[in-house]
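# Observations on chain architecture
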Amino acid sequence: MRILPIFTMVSLLALVGCGDERIATGVFIAADGRVVGNSAQNTRDEAQRTINRQLEQQLGPHWRVKATIAELPEWSAGRTDSDWVWVKATVAVEVVGDGQAALSVSAPEIQQAVFAYLRPRVELPSKRLTVTVAAATDAERFAALAPKPVVVETLAATPAAVPAAVAAPAPMAVPVAAKPTGERRYVIQTGDTLGDISTAFYGSNQYWKQIRAANPTLDPNSLTVGTEIVIPALTP
């Protein structure tokens with residue numbers, strides 16, 4: 001299987017630099033709905049999380065990814081399209097399996113996908129962007145890379161501090177422990193993936209296939225912002 005381009009990574013990070021509002025508020029919305037400060041550290045962290053999430057969605061549940069970018073980006077204030085850019089980016093991608101499934105794509109394909117994602121955000125990428133990929137099967141390391149649970153209560157505790165123009169996406173208001181019994185609907189937001197939506201409504205990304213089945217015309221690799229989808233009820 002050939003790995004798909006990481007389109008939603010680009011759309012997610014496009015939110016960081018959309019217009020003057022980002023500079024005025026000094027914040028941007030992360031993929032999990034958190035409103036975070038517009039800093040070099042947070043920009044790098046979000047890029048790393050995006051790479052991890054998108055690759056894991058394509059590789060399947062038996063593989064986990066940890067991407068590390070060694071350098072911080074710099075603010076390109078002198079440009080017309082001011083944004084965070086890397087003068088140099090050294091990226092190490094660790095792909096770890098639990099031993100229950102073979103890796104469906106090659107390391108060079110993963111390397112190419114990550115390079116294509118970061119290329120627009122690195123000055124002279126052909127010379128200053130380096131991506132290395134290491135793939136291995138290690139059940140203990142796989143377990144160590146398990147995603148940390150989202151504490152929704154923390155997000156809900158600070159709504160007053162969030163400007164109305166950058167309010168967190170609606171699904172993040174659903175407690176992780178809650179599992180709705182009736183059918184619901186949701187409008188796709190910038191940066192969404194079916195795995196993210198599954199986690200927001202059901203507390204786990206494993207139900208993304210049920211969401212896809214309930215919306216047969218939906219392309220999980222290219223979600224259209226503004227599309228209303230059905231969030232099906234889970235069978236007890």
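Here, the structure is the one placed above.
Residues numbered from 1 in each chain as written. Predicted model: local features only at pLDDT ≥ 70, side-chain atom pairs only at ≥ 80, totals over all residues. Heavy atoms only, no water.

### Notes on the nonpolar core
By size, the foremost hydrophobic cluster in this structure holds 21 residues, and its most contacted members are V91, V93, I110, V114 and L118. Only α3 (40-59), β3 (63-69), β6 (89-97), α4 (107-118) and β7 (129-137) provide two or more residues apiece to this core. With residues up to four places along the chain from it excluded, the contact list for V91 reads T68, I69, V114, L118, L129, T130, V131 and T132. (Core = buried A, V, L, I, M, F, W, Y, C linked by side-chain atoms within 4.5 Å. Buried < 20%, exposed > 50% of the residue type's maximum accessible area, 1.4 Å probe, protein only. Helix = DSSP H or I, 4+ residues; strand = E, 2+ residues; numbered from the N terminus. Contact = heavy atoms within 4.5 Å.)

### Thoughts on α4
Between its first and last C-alpha atoms α4 spans 17 Å; for twelve residues at 1.5 Å apiece the expected length is 16 Å, and the two agree. For α4, the complete set of buried residues consists of E109, I110, A113, V114, Y117 and L118. The buried residues of α4 occupy one face: seen down the axis, they fall within an arc of 165 degrees. (Expected span 1.5 Å × (residues − 1). Arc of directions from axis to C-beta.)

### Considering the pairing of β6
Where β3 meets β6, seven bridges bridge the pair, whose relative direction is antiparallel. Note on β6: the bridge partner recorded for A67 is V93. (Pairing = 2+ DSSP bridges.)

### Things to note about the packing of α3 against α4
Remark: α3 packs on α4, axes separated minimally by 12 Å, with the N-to-C direction vectors making an angle of 140 degrees. Here α3 is positioned oblique relative to α4, judged by the angle of their axes. The interaxial crossing formed by α3 with α4 has right-handed handedness. Contacts between α3 and α4 involve A47, T50, I51, L55 and L59 from the former and I110, V114, Y117 and L118 from the latter. Looking at the contact of α3 with α4 residue by residue, the class counts come to eight nonpolar, one polar and no charged. (Axes fitted to C-alpha atoms, helices over the stretch in contact; angles between N-to-C directions. Parallel < 35°, antiparallel > 145°, perpendicular 65-115°, else oblique. Left-handed = near helix turned anticlockwise from the far one by under 90°. Nonpolar A, V, L, I, M, F, W, Y, C, P; charged D, E, K, R; others polar.)

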